[in-house]
Structures are given as C-alpha cells and as structure tokens.
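Coordinates in review
Next come the chains, spelled out residue by residue.
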Protein chains: 12
Amino acid sequence: MSKILLLQGANLTFLGRREPAIYGSTTPAELDVMLQRHAQQHGYQLEIFYTNIEGEAINRIYRAVDEGFDGLVMNPAGFTYAGFALKDCIKGAALPYVEVHISSIAKRNIHCVLSDVAEGMITGFGMHSYILGLDAMLEILRKRAVGR
Amino acid sequence: MSKILLLQGANLTFLGRREPAIYGSTTPAELDVMLQRHAQQHGYQLEIFYTNIEGEAINRIYRAVDEGFDGLVMNPAGFTYAGFALKDCIKGAALPYVEVHISSIAKRNIHCVLSDVAEGMITGFGMHSYILGLDAMLEILRKRAVGR
Amino acid sequence: MSKILLLQGANLTFLGRREPAIYGSTTPAELDVMLQRHAQQHGYQLEIFYTNIEGEAINRIYRAVDEGFDGLVMNPAGFTYAGFALKDCIKGAALPYVEVHISSIAKRNIHCVLSDVAEGMITGFGMHSYILGLDAMLEILRKRAVGR
Amino acid sequence: MSKILLLQGANLTFLGRREPAIYGSTTPAELDVMLQRHAQQHGYQLEIFYTNIEGEAINRIYRAVDEGFDGLVMNPAGFTYAGFALKDCIKGAALPYVEVHISSIAKRNIHCVLSDVAEGMITGFGMHSYILGLDAMLEILRKRAVGR
Amino acid sequence: MSKILLLQGANLTFLGRREPAIYGSTTPAELDVMLQRHAQQHGYQLEIFYTNIEGEAINRIYRAVDEGFDGLVMNPAGFTYAGFALKDCIKGAALPYVEVHISSIAKRNIHCVLSDVAEGMITGFGMHSYILGLDAMLEILRKRAVGR
Amino acid sequence: MSKILLLQGANLTFLGRREPAIYGSTTPAELDVMLQRHAQQHGYQLEIFYTNIEGEAINRIYRAVDEGFDGLVMNPAGFTYAGFALKDCIKGAALPYVEVHISSIAKRNIHCVLSDVAEGMITGFGMHSYILGLDAMLEILRKRAVGR
Amino acid sequence: MSKILLLQGANLTFLGRREPAIYGSTTPAELDVMLQRHAQQHGYQLEIFYTNIEGEAINRIYRAVDEGFDGLVMNPAGFTYAGFALKDCIKGAALPYVEVHISSIAKRNIHCVLSDVAEGMITGFGMHSYILGLDAMLEILRKRAVGR
Amino acid sequence: MSKILLLQGANLTFLGRREPAIYGSTTPAELDVMLQRHAQQHGYQLEIFYTNIEGEAINRIYRAVDEGFDGLVMNPAGFTYAGFALKDCIKGAALPYVEVHISSIAKRNIHCVLSDVAEGMITGFGMHSYILGLDAMLEILRKRAVGR
Amino acid sequence: MSKILLLQGANLTFLGRREPAIYGSTTPAELDVMLQRHAQQHGYQLEIFYTNIEGEAINRIYRAVDEGFDGLVMNPAGFTYAGFALKDCIKGAALPYVEVHISSIAKRNIHCVLSDVAEGMITGFGMHSYILGLDAMLEILRKRAVGR
Amino acid sequence: MSKILLLQGANLTFLGRREPAIYGSTTPAELDVMLQRHAQQHGYQLEIFYTNIEGEAINRIYRAVDEGFDGLVMNPAGFTYAGFALKDCIKGAALPYVEVHISSIAKRNIHCVLSDVAEGMITGFGMHSYILGLDAMLEILRKRAVGR
Amino acid sequence: MSKILLLQGANLTFLGRREPAIYGSTTPAELDVMLQRHAQQHGYQLEIFYTNIEGEAINRIYRAVDEGFDGLVMNPAGFTYAGFALKDCIKGAALPYVEVHISSIAKRNIHCVLSDVAEGMITGFGMHSYILGLDAMLEILRKRAVGR
Amino acid sequence: MSKILLLQGANLTFLGRREPAIYGSTTPAELDVMLQRHAQQHGYQLEIFYTNIEGEAINRIYRAVDEGFDGLVMNPAGFTYAGFALKDCIKGAALPYVEVHISSIAKRNIHCVLSDVAEGMITGFGMHSYILGLDAMLEILRKRAVGR
C-alpha cells in the first residue's frame, strides 16, 4: 500500500479565512476530510502535515524517508518565494515530488523556486488541484511499480 | 453535452519521433485514440487539432467560438516561447483555457508566455498530462454549469 | 490616384467581439464601410486586408509593391509583440508605413517592435485612430508628390 | 466653444534653428499662425504656451483647470525623458491629454515617460503631428459632449 | 525657539482636488491651519513653502540655512522620481531632513531618490504623516540640543 | 480598549549589543518598559513578541487574529530581506499593519519586501520610531472606529 | 547521392530588391541557378524552398525527414529573431543543420536564436555564404559516411 | 583554551545519504568524531550544532556569545541562498566567522549571501574543508591573542 | 575677442560651504575672481552664470547663441543626473561645450548624462578643473579660427 | 600573389592535447601541413603565427600591414572573451578579417567580442573551419582585385 | 616525489609594498623562503613562478605539463577579473588546480573568473592562505595516489 | 626635478595611421617631439613608453617606482576595456595617476575600467589632451611639494 505525504506550506493553516477571493472558503479541516476520502477510495495511505516553519518541513521530509513514504505532494504556499533550503532537501531526499498550487501562479506573476525539482506541477484549479496532484502521484507510483 | 477543443501546437505532429527521451514514444495517432476513449467514458465531445502555424491556431480558436465549444485545452509546444498573438486570441475568445505540457518546463528552465491567461496549468506527467488537463476542464465546466 | 494598403494584423477579425472594453464594439464590416467612405471622400484607393498569419502579411506587402501601392497603414495587433520578420519586410519593401493602434499601448505598458520602421505612429483614439492614420499617410504622399 | 491648451515643452522656443534635419525649419511664430488658423476653421479657442521650465508647465496646467479649459495637447520635448512631476500633474488635473511628437521617437529609440497618462499619442509627422493631435482632441471632446 | 521649514514639492498646490482617492480631500489651506496649530501647541516656528519648480526648492533651502532654520521636513511629491539636484542640495545644506509622504509609496511601488539623505521617513498615514514628521523632527532637535 | 501586537523580528533580541553605532544601546528590556509606559498613557493594551524564526512570527500573527487584536506594528528586522511567507501571512490576517525600522533603511540601501502590505512605514528615528509607529496605529484605529 | 534541403526564411523572396546595400542585388532566380550548378558540379541533389511563414518551414522540414533528406542548410532570415518553434523542430528532426547568413549579423548586432542547434554557422560573405555553407554540409556528410 | 562553535546549516543532518556524488558518504556522526579528534590534538573546545531552522541558528549564535565562544565556523548549506537574517546576526554577534563549503560553490555557480561577512572562505575540499576551516580559525585566534 | 559662457549648475551657489571634503572651501566669489583674472590674462571675455533651475540654464544658453557667444564651459553639478532637457538644448544650440567637474565623478561612481554631447571633459582637479576647462575651450576656438 | 596571415590565439599551441572531445586530436603541426598544402593548391602565400600573449598578436598584425599582407584569418581562441585591445587593433590595421572557430561557439553559449569587426565568421566545422575561412578570404581578395 | 607549480599572477612581484593594509608586508622573497621550507618539511618539490603577463602564465602551465608537474596552485591576483584565456588553459592542461587569494575577495565584492575551474579555493587568510592551499593540494595528490 | 612616466597603451604605436577620423594624423614620433618640448619648457623629466602588452605596462610601472618617478600619465587605449590587472597595479604602485584619452570616450559610449583609480581624467581634446594631462600632473606634484 502506497504512502504519500501531503505537505502544506506556510499560511495554509489559515485556509478558508485568508483572501477567500483567491483561495476559496474551504477550511483545512474540510479539505483534510475530502482528501482522506480520496485516499480511501484509491487505496493508499495519506498523511497531511501543516507547518509555517520551513525547517520543520525539512525535518518532516527527512523523517518521511526513514518511515518509508513513497511520494511527496506539496503546496509550498509561503515557501514558494524563497524556499531554497527546502528545495535542496527535496533533491536530497530523492522522493518523487508533485507540486500543487490552489491559484494560477502564472496569472499572479509568481515564480516558484521549487518547481524545477518537481516531477510535474498543477496550478490554478482551487481545491481540485490537490485531487489532480494526488492522481498524478498515484500514476507515477504505478509506473515505477510496473518496472521502468 | 460539453464540447472541448484540444489544440496541439507546433512540432507535435512529430510526437513519438522527436526527442523521445523528453517527450516519450507515443505517436499522435496513439494519443488521439487514448484521448477519444477518455471522451467517450466521460461523455463529452472532443476535437483534436494539430498545427505548426500560429495563425492557423488563432483561426481555429475563433471558429470554435462560433461553433459553440465550451473549453480549450492546449499544449502550446512550439508556441510556448513567443506565442503572443495566440495569447491575445485566447483572451479575446473568452473560452476557459487549460494549459498542458508533456515535460516539466520548470525543470528545463522554460517560461511559457501563454500561462497567465490559463485557468490553470499541468506540466510534467508525460501523456498523462493530457488526461489530467481534460479532467480539470470537465471540473471547471461542471462548476460553471452548477451556477458558479 | 493614390493606392493605400490597410493591413489588419492578428486577432482583428474578431474586432467588436473581443475585449470590447478595450477595443470597442465596432465590427470589421462596419469599420470597412467607414474607411472606404473616407477613401471616396478624399479620392484615393483603399484595400483592406485581414490576416492572423504573420507570413501572409509579408506576402501581401511584397505583392503590394508589385501592384504599385503607394503606402502602408497597419495595425499590427497580435504582431505587435514579436513581429520581427514583418519588420524586416517593411524595411525591405520600402513603402512609407504609418502605424496605428486602437488603444493607447503606452497606457497598457506594451512596446511594439515595429514602431521604429514607421514614419509615424498614432495610438489610443479608438476607431478614429484609423482615420487619423490615413490622413497622415495622405499628407506624406502629398509632400512626396510635391518634390522632396 | 471648446478651449484647448497647447503646451510646448523644453527647447521648442528654438524650433526651426535647432537640429533642422530632425525637427524641420518652421519657426514657433510660423507654427502658431498655422495652428491658430486651424482653431478658427474648426471653431475652438486655442492657447499656446512655451516654457523651458518643467514647474512652469505644471503651474500653467493647474491654472488651465481653473480657467475652464477642456483639453491639453502637449509636445513634451525636453520633458520627455524625466518629466515625472509633470506626469503626476496631468493625472491630477484630470484634463484629457493628447501627446504629440514632431519626430518618430520610436525610430530614435526614445521612450517618453508621459505617454501612459495620455489618451493617445501621435508621433513622426513633423508639424502635421500638431494638426492631427488637435483633430484627435476635438474628436475626444465631441464624444464626451454627446454623452459617454 | 526651533525653526522648521516644511517644503511642499511639485503638485501639492493642487492637494484636495488631485486624485482624492489617493491623497484625500484636505486642501492646502486646511492643512496649513492644522500644522500651524501643531506648531503653536509645541512651541516652535513653522514656515510652509509650496513650489512646483525644483530649483526654487533648492533656492529656498539654501536661504533657510542663512536664516538660521534648524530642520527641514519635506514631502517631495513630484520631485520623488528625479529630484537628484534637490538631493545634492540637502546633502550640501546639512540641515536634518525628515521625509514625509501622504500615501504609502511602497504600496504603489514608487522609489524616492531623496530618501537616502533623510534622517528618517514617514509614509502612508494621510495628513497625519505631516504631524508624525514634525513630531519626529522635534525629537531630533531635542536630542541634538541635549548634547549628542 | 484597543489591543496592539508589536512583533520584533529576527536579531532584535540582541538589541543594544548588536552594531550599536547603527541600532543604539537600548536593550530589549529597556525598550519594553518605555513602550508599555506609552501604552498605559494612551490607554491601550500592548503585547510585545520577539522571535528569530519567521514561522513563529506567522503563528503569532494568526493567533492574534483569534485573540481579537486590532492592529500589528512590526519591525521586521532580519525578515526584511526575504520574509515573503510573512508578507502573505499579513495579507491573509487582514490586520492593519504599520512597519517600523530603527535605522533609515534607504540610507543603507536596503529594500524591505514587506513594505507594500503596510498601511504606512516609519524609518530612521531610533527607538523613537516605535513611539511614532504606535501613534500612527492609534490614529488608524481611531479613524476606523469613527466610521471609516 | 546526398539530398540537401536549402531553406530560405522570411523575406528572401524579395532578395535583390530589398536593402541591396546590405543584401546585394542577386535575385532568387539567379541565386538558385548558381546553387543548382554547384550541386551538379559536386554531385548531390539540392532542393530550395522559400517561405515567409514559420509554420510552413516546420512542415517542410518534417516532410524532408520522411523523404530521406540528409541535411538542412538554412538562412533563417526573418526567423532569426523569434523562430523558437523552428528551433525546436530542428532539434526534433535530428538532421544536421548548417546556418547561413548573407550579412555579418555580429556586425549588425543581431543574435540568432537558432544558432545553438546548428553544427556550424557561416555569416557575412554575401551570396558566397551559401556556397561555403553547402561545402561545409558536404564535408559533414562525407565524414558521417566514412564512419565516425 | 579557545572555544569554537561549528554550525551545520540546513540539510546537513542528512549528510552521507544526500547527493553523495556531490557531498560524499561521510555521516554526521563520523564527521563529528573526526572533528573532535582535531580539537583534542590542537587543544581547543569544539561544539557542533546542527539545525534545519534558520532562526534556531540565530538563537544558537547569540547564546554562543553569552557563553564566551571565540569563533564561529559555519557551513551554511541550505541557508546559502537566502540566509539574510543569519547574515545580520553574524554581523551583530561580532564573532570572527570562517565559512566552509564541502563542494566548490563557484564551480556550481552558486553565490552565498553570507560570504561577505566572513573572515575568509574555504570551498571544495570535501570533509577536509572543515579541517582547513578550523585551522584557519585557530590561526585567526592566535594572531588576535598575540596583540593586534 | 572670444566670448565664453561659464554655466554653474545646481547647488554651486553654495560652493565652499557644501561638503568641503569633496568640493573644497573656495567660495563662488573667490572662484569668479580667479577665473576673471584668467580671462584677462588670456584675452577673452568671460560671463559666469549661476542657476539652480534647469530651465533657466536652457534659457541662458539660447540667449548666449543670440548674443554671439563662442563657447560653453559648464559644471552641470546637480544637473549631472537627469539633465536630459539641458542636453537636448546643448545639441540644439550647437555651441562647442566643455564639461567640468570639481571631483572625480568616476571615482564616486557617478555617470553624467550630458558628457556625450561635450567636446571633452575634465574631472577631479578641484578648482583647477575650471582653469583646465577654459584652457581647453580656448584651444578649441583657436583651432576653429585657424580654419578647420 | 596574395599574402594571408593566419593568427592562432591563446591555447592553440596545445591543440590536439586540450579537451579533444571539443577540439579534436589534430596537432598544430598536422594542421599547418594541411593548411600550407591548401595554400600551394590555391596559389597564395600563407604565414601561420601562434601566440598566447594578446599584445604579441597585436604586434604581429601591425607588422603584417608593413609587410604588405592582404588579409587576416584568425581563430581568437582564448582572446574570444576579452580581446578588446586586439579588436581595436584590427579596426586600426584595416586588413580584411575573417573569424574562425573550431567548435560552434553559439552551441556553447559563448559570445566573441571580436566578431563585429570581421567581414564574416565561420564556426563549428572542426579543422574544416580553417579551410572554409581561407576560401572565404580568397573570395574577398578576388572581388577586391576585380574592381570594387 | 610530488611536483607542484605555484603561479603568482599579476602584481604579486610588488607584494609587501602594495596596499599593505590589504595584502600585508611580507615580500616575495620572504614568502618564497617560507613556502620552500614548507616544501622541505612535507617532502615535495615546489617551483614558484611570478609573471605580470597572462600569456606567459599560459606558456608556463603548458610547459609544466610537459615537465611532469602534478598540481597547480595559483594566486591569480591581477588575472582574477578577466583571465579567460588562462581559464581555458587550465581546463586544457588538466592539472588539479587550487586557487588562493590573500584577502577575502567576497568581502571586497570581487568575483574571480577562474574559480569555477578550481578544485577548491582559499581566501582571506593572508600569507597563511598559501600554506593552506599547498596543504589542500597535497591532500588531493595523496588521495589520487591511493586509488581513485 | 620632477620625473613623469607617460605610458602609451595598446595600439598607440599605430597612431596617425589608425582611424584618423577619430585619432588624428599625428604620428608617435611627432607626438613625442611635441611632448618633450613641453617637458623642457616646464623643467621636468619625461619618459615615454609604448607597449601593446598589458603585463609589460605593469612591469614598467613597478620599475618606475623603483627609479623614483613622481607621477604616471597614461592613455590606456586598448587596455581601456579590460585592463583590470593594470588597474590593480596602479593602486599598488601608489603613484598619482592622470588618465588621458584622445577622443571623448563618453561621446563614444565607452567606459574605462581604470578611471576610478585616477586622480582625474582628461578626454576628447585630441593631442592636446596629453598637454593638459601633463599640466594637471605638474599641478598635483606642485601641491604635494608645498605640504599637503
């Protein structure tokens, strides 16, 4: 059974209350329910971790390697702009990484410093971005399992 | 029944033969079969249009508006770098637009000039990027149908 | 009798339907009537040519030289951003060129790559920009006819 | 009866004697006669004001607001490069502003810092640029009078 | 008794009428009353000088040195963008200088070329910025009087 | 009774011992006494929070929203250069924010990435910057209380 | 017998009439005769294709791969500045590519976006540049035939 | 007896497992043994501190000042790219600082924002970089002890 | 007898009192005596004009042309940074222009926007720069008198 | 009989031993034999000069002018990056200059500072670049001999 | 027995007399004695070569390859800024290269163009930098001898 | 008796024959006579040294220090663009340095990398630049002799 870590970067604890015109009104609790349901339906184990501290994100990822996680899905959020240490961590951890953004960062003229260590990226589909990101990760893990 | 136009930008006619290490070995014919099957399963009408000429892409999009299409999914491919006229066209046509790239353009340090008029973007998952892009478009159309 | 070519660049076929807040609601058909009336009143021959393909614009301009046209008025529209080949064409064709934009491109922070091969430029006066552009071209042709 | 202020920026007092290859040999006196004749023919009141001091231009514009002027046509000339205070003034005065340049500034690779507060701009037609600029202003005032 | 010069840069004569959404509707006359009242309450002499001409501002500052003024508070306003000569003047005059802006220039993405010769800067508090600026200047003069 | 959070960014725990030529010799303890006295005199509740960890600052601000604080005054200090996550947090928290710097950052050629989400900014007056910042915040809260 | 495609980019149909001070007065017809004679003398098959439309150039190149061509010599001309799609096509087609320019583009301060996918480049020798480019291509094909 | 703090920046806890082609396979435990042995041989006290959180590094450095440490040797690792707060901390702490990098950052085209507050820098000698860095620090402390 | 205009730009009225470490302690009055003595010794007429207003400098230069002056020596001082209108004036006036700076502007990393319309420039020799500048102007006038 | 100087810039003495993957394994001796044979076959005199010192190259070129050489072919090699003095020398010497590079410098993203004083440039064909360069020079000399 | 070449770049012949505040007062002669003693103690052969001419440095390095040297230690000094030819030489010579600077070039905001071909770099420790650089080279040679 | 070294940089041996429109037709021999005459008249010893090799210029300058020269006047000519080693040499030699250029380099938009170590600079007066440069140097030496 696959184990996926979903990392929620800085400011996502305030989801639903923060700039709802951009990020919608879904709260972290509601989002977690929605995503755990997706995990059950597709038969994988999902852990969701929120932090506002970049170094804690790094700690969590290295621990995930030790705990045998198979993949990392992350919305870097506040770490989007200057998360260089986090980026080096992802390269070091060598877990497949799928990047997810709620809003279209290109539309808002934002460049994410982490994108170039991701397998792929999904942006702009609101909460549905998470679903697509987890689908994409499952596909990646399926392909790796098959052989290639 | 929703109608979606999938536009394949410059150089995609050569898919499967062109830089397979980056773009894989799936041919356009194989890809079309795979995507039409997805259309049948999800009950929408899909038209796939390939062109190497930017102005033809513009012509096709305006015709799609007249023909009542609901959404545009596009892999801009060769138009990624300087497709400014195409970008203005998409703004003018006012169809929801989902952008798709086979490879991770961030990893290859490529910036797409069209991304900021897209609802959202999906990059890096090989042929699966198209499936995720169509899923995302269906979700967008569903939400608009509900009321928005 | 003077012969003037009015070239309408990419996306202008959709005039009146495309971003009317910026470009107004006049359609190409209505614009053509208005401009041909101007041609009759001022006694010159006017040909209006629309295209979304930069290379077709180039073809049309070279043909205009062979057909004895005296001047080129153009709204580069979608070719504004990267129409470098078109620019070389205008330098090569050696027809006097007046550039016209419906909106104020400076206000929208847009730089046109073609402007520096134009005799002069007119921007921001809506459909009236075309009238002023044709007036300016007639003045240029009058001066050349006089001698210098 | 409309009242239009024509402001002549730095160095235009020397018109006709200064770099005639670029700016022609028409003197300020000759230009004024030509433009006042245009004002009589089209039935509006025209005041022409020359200054080499940016702050005096600002003073004149604010006074024009108090005197009930309807529009501002200006050749910024020497204020083209760094006339930022003048630009703020035009935004503040809220008069419609049409910008005029004798030469084609794009051809000479010059960017005017004032252009983005103008309704529109006319460049490159020698003394005829003023005539076209005044025509454009009259059209703007006519449209505002009608309703919008 | 301390003597403070308040210099009001380009376009502030039009305060209250100019872009009130940004700068409020207080007029220069009302502002002067409010500030002179502050001067009376805190026991210092205040002179307020408005000019749209940068060189006049320079003349006024050097005269202030000769007249024994103790400090300069200035809202550079229109001189914000290119007031380099004014900046050299302030360095030369060697009066303590406090810079004041009505609006938050950082929010509007404006960089003031004079700021780096100021003791300190206050921006964004509307008319209250002047009060805070004068308070800050009084504090500076108090400290200098004490010894340091 | 208004509640204001004063957040002291990275390196301010070392105030008074760190580069005293720039930041003065007042210690955090002395500063706190001075500011709490100001709070008593002006009748508002003040909480002062020091942290060297950007994510802890984010945590504290969101908690402040839950605790009913009315405003945020902050000296970003070490977060000045790359505190992008903190900036998003402030936008999300939607508390009025006044930015304070001890030294004149313009003089030192430093740009603060947080300034453009502040109501206003005060720089360069040493410890007195805090007093002026709290005064400014009280004025903002007073105005909001009155109506808008 | 080797087959070489010579592709003539935008504006070359007007050769001999366009800016003769830079490009000389040889017409396309004269050039073709000269190059076909070179082909006969050196025993290879040469096809010359002119187009002003970038997408048609792409179409022609992919067709050349299907027709068994061995090499591509191209004067990108008008595609020099923004022919990014064409560049991707050449990488995809995997034909050896020799780039040719009539004038010295370095002298004219022009950078060609296609050069870094070329085996080599020849610039500045007028019509003789084509002869040298074909010579260079023959040498490349000879070496490949030998083994390496 | 000298006291030196060796600070290990973000991602170094994963040393030996992370990108071994670049950083080698020595683990933190092995490195610590090697360095403590060096400390014993040269008769100084060495404390080694690992953290992934920039603010914790700042906390540790200020505490080191209070504990009477004589010098700081640091491999900023993940803090290399945006550790501006850490840099201000080092300036504030006023301990001599020697910077160490395992790989040659110049070779990898990486610029460290902390280098210009270091006494000197050592890069590219693998684990031996630490030894050289500690040697260099001892030399600095010896010189300071002697007099200057 | 040659007539030379020496123009003293913004802030030079304060010479001798302003940043004496850079500009020395010679006052304008003393400088004028020294320079008029030089004029007498070398038999030319010298007029010295001080102004802090760029537009007045422009007015003075155009008047100088009408009065038959032969050359312009100027220390642009405060106009060094943004005197673009003044620069156009000098081009227009067509008087030979020698630029003079008291300090070495290269050493201070200052670029003067006027230098490229000067015959030559002299910087860094204190008050002696003026003497050298006038010598240089005399040499230019002598050569012009002789023939070429 | 024409006389051509072939100048071999810095590092070419080590040809054949230095980075053979890029520059091939031909030694200078072998190259010289090959090129002298070409000179004999085409009936011109060839002198080949190797130097690692830029100033010696300059000395050689000026001497070549005195000795009646007709043209310069050069592989600037190590002088490619900063050979500005050499560039001025070539402009001064006024010999026709053809530039040659063994590898495709565009592919390697290298810009040569000398290219814009060359008649033309040949890059990327290995040792064959020299042959093409000498062919091109002979063609230039033939044309000059004929008349123009 | 290892053979190491120590190359002293431009301006080091003047060591001890040149900017002693930065480079110390040790003369070349004293430095050589100190370094030869180090060579004796560690049992390797050291040759020290001073030159102010970049091309002579290149000549010396290629000769060193022929003479069987094992490593190059260099203080590029004056070649730091534009020694591109020297850099290509080092890549070509394929000797391990350790770079040494007396002062901290980062502190002085200097970027060395040679650093990215060095094994490692040592900066900022005065004369002791050489000792550390030679130590580092010995370590490199020892490792190569052992196996890898 | 003062001793001055006049250093003539790269390409000046060709003076009079090289681009006479820019540099005039005076030969080195004629220039030397003119300058030695100046030396006799003003009673100082002048040595003139020409070289095309930057390192030889450095050697000559250090030797000049040993020979008791008092000042350096130099026309860097070809070393203008990248003479960084020469610049460090001048800083090291600590001779007062006056920089001389025949043409106005600002007019030609050339920046000299050596200027910021010069006492002052003279540009644009043809051969007379040398005379002015020597005059300036004599003045500097006179002042130093007097005391300061």
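Owing to the predicted nature of the structure, the values given are computational and were not obtained by experimental measurement.

Cut-offs used in this document
- Residues numbered from 1 in each chain as written.
- Chains lettered and ligands numbered in written order.
- Predicted model: local features only at pLDDT ≥ 70, side-chain atom pairs only at ≥ 80, totals over all residues.
- Heavy atoms only, no water.
- Helix = DSSP H or I, 4+ residues; strand = E, 2+ residues; numbered from the N terminus.
- Rg over C-alpha atoms; globule rule 2.2 N^0.38 Å.
- Buried < 20%, exposed > 50% of the residue type's maximum accessible area, 1.4 Å probe, protein only.
- Contact = heavy atoms within 4.5 Å.
- Buried area = accessible area lost by both parts, 1.4 Å probe.
- Salt bridge = Lys/Arg side-chain N within 4 Å of Asp/Glu carboxyl O.
- Polar contact = N/O pair within 3.5 Å; in protein donor to acceptor, adjacent residues only side chain to side chain.
- Nonpolar A, V, L, I, M, F, W, Y, C, P; charged D, E, K, R; others polar.
- Least-squares fit on C-alpha atoms with pLDDT ≥ 70 in both.
- pLDDT = per-residue confidence, 0-100.
- Phe/Tyr/Trp six-rings, centres within 6.5 Å; stacked < 30°, edge-to-face > 60°.
- Lys NZ or Arg CZ within 6 Å of the ring centre and 35° of its normal.
- Pairing = 2+ DSSP bridges.
- Axes fitted to C-alpha atoms, helices over the stretch in contact; angles between N-to-C directions.

Next up on the list: the overall build of chain A. Across its full length, chain A carries five helices and five strands. For chain A, the sequential pattern of α-helices and β-strands runs β-α-α-β-α-β-α-β-β-α. The C-alpha atoms of chain A give a radius of gyration of 14 Å, which matches the 15 Å a tight globule of 148 residues would have. Seen along its three principal axes, the alpha-carbon backbone of chain A occupies a region of about 45 × 35 × 25 Å. A total of 148 residues make up chain A; the buried ones form 62% of that total.

In this section: the interface of chain J and chain G. Taken residue by residue, the interface counts 21 residues in chain J and 22 residues in chain G. Taking both sides of the interface into account, the surface hidden between chain J and chain G amounts to around 1,700 Å²; carbon and sulfur atoms contribute 62%. If you sort the residues of chain J by the area they bury against chain G, J:Lys107, J:Met121 and J:Phe125 come out on top, with a joint share of 30%. Inspection of the region where chain J meets chain G yields zero salt bridges. Taken together, the connections running from chain J to chain G amount to four residue pairs in polar contact (both at pLDDT 80 or more). Those elements that provide at least two residues to the side of chain J that touches chain G are strand 5 (120-123) and helix 5 (128-146) of chain J. At seven residues, the largest contribution of residues to the side of chain J that touches chain G is made by helix 5 of chain J. Class assignment of the residues belonging to the side of chain J that touches chain G gives a composition of nine nonpolar, six polar and six charged.

When chain J is fitted onto chain G, the two copies agree to an RMSD of 0.0 Å after a turn of 180° and an axial shift of 0.0 Å. Taken together, these values place the two copies in the relation of a two-fold axis. The rotation axis passes nearest to the C-alpha of J:Ile122 in chain J, at a distance of 2.3 Å. Most of the interface of chain J is mirrored in chain G: 100% of its interface residues are interface residues there too.

On to the environment of B:Ile110, then. Residues and elements named next belong to chain B. With respect to the helices and strands, Ile110 occurs in the loop between strand 4 (97-101) and strand 5 (120-123). A residue is classified by how much of its surface remains accessible, and Ile110, at 19% relative accessible area, is buried. Taking the C-alpha atoms as reference points, Ile110 and Gly16, 94 residues apart in sequence, are found 21 Å from one another. In this view, Ile110 contacts Thr80, Tyr81 and Ile105; residues no more than four positions away in its chain are not counted.

Averaged over chain A, the pLDDT score is 95; the fraction of residues at 70 or greater is 99%. As scored by the predictor, the complex reaches a pTM of 0.92 and an ipTM of 0.93.

The subject of this paragraph is the relation of the copies chain A and chain H. The transformation that overlays chain A on chain H combines an axial shift of 0.1 Å with a rotation of 120°, and the residual RMSD is 0.1 Å. On this basis, the relationship between the two copies can be described by a three-fold rotation axis. For chain A, the minimum C-alpha distance to the rotation axis belongs to A:Ala82 and amounts to 4.0 Å. Counting the interface residues of chain A, we find that no more than 12% of their copies in chain H are interface residues as well, pointing to two distinct contact surfaces.

A word on the packing of aromatic side chains. Scanning all chains against the criterion turns up 24 aromatic pairs over all chains. Taking NZ or CZ as reference, E:Lys3 lies 4.7 Å from the ring centre of E:Phe69, over its face. It is G:Arg60 that lies over the ring of G:Phe49; its NZ or CZ is 5.9 Å from the centre.

In this section: the interface of chain A and chain H. Contacts between chain A and chain H engage 16 residues on the former and twelve residues on the latter. Note on chain A versus chain H: buried area summed over both sides is about 1,200 Å², and carbon and sulfur give 56% of it. Per-residue buried area on chain A facing chain H is highest for A:Tyr62, A:Phe84 and A:Asp88; these three make up 41% of the total on that side. The residue A:Asp66 makes a salt bridge to H:Arg17 at a minimum N-O spacing of 2.8 Å. Where chain A packs against chain H, one counts five residue pairs in polar contact (both at pLDDT 80 or more). Breaking the side of chain A that touches chain H down by element, the ones donating at least two residues are helix 3 (54-66) and helix 4 (84-93) of chain A. Residues of the side of chain A that touches chain H, tallied by class, amount to nine nonpolar, three polar and four charged.

Along a regular strand, successive side chains alternate from one face of the sheet to the other. What you see with strand 5 (residues 120-123) of chain C is no split at all: C:Gly120 and C:Ile122 on one side and C:Met121 and C:Thr123 on the other are buried throughout. Here three bridges tie strand 5 of chain C to strand 5 (residues 120-123) of chain D, and the two strands are oriented antiparallel to one another. Paired with C:Thr123 across the bridge in strand 5 of chain D is D:Met121.

Burial analysis of helix 4 (residues 84-93) of chain G places eight of its ten residues in the buried class, the great majority of the element. In this structure, the buried residues of helix 4 of chain G make contact with strand 1 (3-10) of chain B together with helix 3 (54-66), strand 3 (71-77) and strand 4 (97-101) of chain G. Just beyond helix 4 of chain G, the residue with positive phi is G:Ala94, at close to 60°.

Within the secondary structure, E:Asn11 sits in the loop between strand 1 (3-10) and helix 1 (20-23). There is a polar contact of 2.7 Å between the side chain of E:Asn11 and the side chain of D:Tyr62. Once residues lying within four places of it in the same chain are set aside, the contact partners of E:Asn11 are D:Ile58, D:Tyr62, D:Ala85, D:Asp88, D:Cys89, E:Arg18, E:Asn52 and E:Gly78.

Our focus in this paragraph is the sheet that holds strand 1 (residues 3-10) of chain K. The ten strands lie next to each other as 2(H)-1(H)-3(H)-4(H)-5(H)-5(K)-4(K)-3(K)-1(K)-2(K), forming an open sheet whose pairing is mixed. Every interior strand has two partners, whereas the edge strands, strand 2 (45-50) of chain H together with strand 2 (45-50) of chain K, have only one. Taken over all neighbouring pairs, the strand axes of this sheet differ in orientation by 20° on average, direction set aside. Note: strand 4 (residues 97-101) of chain H against strand 5 (residues 120-123) of chain H, four bridges, orientation parallel. Each residue of the ladder has a partner; that of H:Val100, found in strand 5 of chain H, is H:Ile122.

Turning our attention to the arrangement of the chains. Considering only C-alpha positions, the minimal separation of the non-contacting chain F and chain G is 34 Å. Nowhere do chain C and chain J come into contact; their C-alpha atoms are at least 21 Å apart.

On the basis of which strands lie adjacent, the open sheet formed by ten strands has the order 2(E)-1(E)-3(E)-4(E)-5(E)-5(F)-4(F)-3(F)-1(F)-2(F) and mixed pairing. At either end of the open sheet lies a strand with only one pairing partner, and these are strand 2 (45-50) of chain E together with strand 2 (45-50) of chain F. Put simply, the sheet's adjacent strands are angled 20° from each other on average, direction ignored. Sitting on the sheet, helix 3 (residues 54-66) of chain E is in contact with strand 1, strand 2 and strand 3 (71-77) of chain E, with an inclination near 175° to strand 1 of chain E.

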